[in-house]
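Structural overview
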Amino acid sequence: MSAVLYNVLRMVFLGLLWFFVVSIAILIRRDITGTVINDRRESVHSAKKQKKPSRSVPRSSPNPAPSMPTRLVVVDGPLAGTTFPLGASDILVDRSPDCTLVLNDTHASGHHARFFFQDGMWCIEDLGSTNGTFVNNQKIHMATSLRVGLPITVGYTKMELR
């Protein structure tokens, strides 16, 4: 084998080795930093700004009733200050990465609680969690209707509807 071919093979092997080292470092960094929570409202607003209607049509959007909550706010815990707009879909709260609100909390279950809209009001139900879900400092055992400002506790995380 010639010296030139030997050096080329050695450089290719060295490049592959560095590629794997950098890949492993990126994976370890992702594990250490945890799940990244993206603010979905920003992407919706930027999409609305980019998409302009071709003609102007007046829209009459009814304002929600003053007592009707419009968002779920995390008041205390690791995600304090996080806000979720209340829409047509349910909000799942648990440690699973495929849910709406991911809690990095040892007292939250894999599938802990679900916020849902039913009969004109927002409700919460415990999904069989180990430590329970608390509304107004009382453990709930079935679907419970919620009011604005009522404290909701899931693990160490406290939240409320506003």
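Here we summarise the structure given alongside this text.

Reading the values: the criteria
Residues numbered from 1 in each chain as written. Predicted model: local features only at pLDDT ≥ 70, side-chain atom pairs only at ≥ 80, totals over all residues. Heavy atoms only, no water. Core = buried A, V, L, I, M, F, W, Y, C linked by side-chain atoms within 4.5 Å. Buried < 20%, exposed > 50% of the residue type's maximum accessible area, 1.4 Å probe, protein only. Helix = DSSP H or I, 4+ residues; strand = E, 2+ residues; numbered from the N terminus. Contact = heavy atoms within 4.5 Å. Phe/Tyr/Trp six-rings, centres within 6.5 Å; stacked < 30°, edge-to-face > 60°. Lys NZ or Arg CZ within 6 Å of the ring centre and 35° of its normal. Pairing = 2+ DSSP bridges.

Moving on: the nonpolar core. Counting 22 residues, the largest nonpolar core has Leu72, Val93, Leu101, Phe115, Ile124, Leu146 and Met159 as its most contacted members. Mapped onto this core, the elements with two or more residues apiece are strand 1 (71-76), strand 3 (91-94), strand 5 (113-118), strand 6 (121-126), strand 10 (152-154) and strand 11 (157-161). Those residues in contact with leucine 146, other than ones at most four positions away along the chain, are Phe115, Trp122, Cys123, Ile124, Val135, Ile152 and Leu161.

To continue, consider the side chain of threonine 153. Looking at where threonine 153 falls in the secondary structure, it is placed in strand 10. With sequence-adjacent residues up to four places away left out, threonine 153 is seen in contact with Gly132, Thr133, Phe134 and Lys158.

This next bit is on unusual backbone geometry. With phi around 55°, asparagine 136 is a residue other than glycine that occupies positive phi space. Structurally, asparagine 136 is set in the loop between strand 7 (133-135) and strand 8 (138-139). The class of asparagine 136 is partly exposed, set by a relative accessible area of 43%. At asparagine 137, a position not held by glycine, the phi torsion is positive, near 65°. Inspection of the secondary structure puts asparagine 137 in the loop between strand 7 and strand 8.

With that out of the way, let us pick up the packing of aromatic side chains. According to the stated counting rule, one finds 2 aromatic pairs in the structure shown. The cationic tip of arginine 114 hangs over the ring face of phenylalanine 116; the distance from NZ or CZ to the ring centre is 4.2 Å.

What follows deals with the pairing of strand 6. Note that strand 5 and strand 6 share 6 bridges and pair antiparallel. Within the sheet, the bridge partner assigned to phenylalanine 117 lies in strand 6 and is tryptophan 122. Of the pairings in the sheet, the one linking strand 6 to strand 9 (residues 144-145) comprises 2 bridges and is antiparallel in character. Residue pairing for strand 9: cysteine 123 is matched across the bridge by serine 145.

So far we have only geometry, and geometry alone does not tell us how the molecule works.
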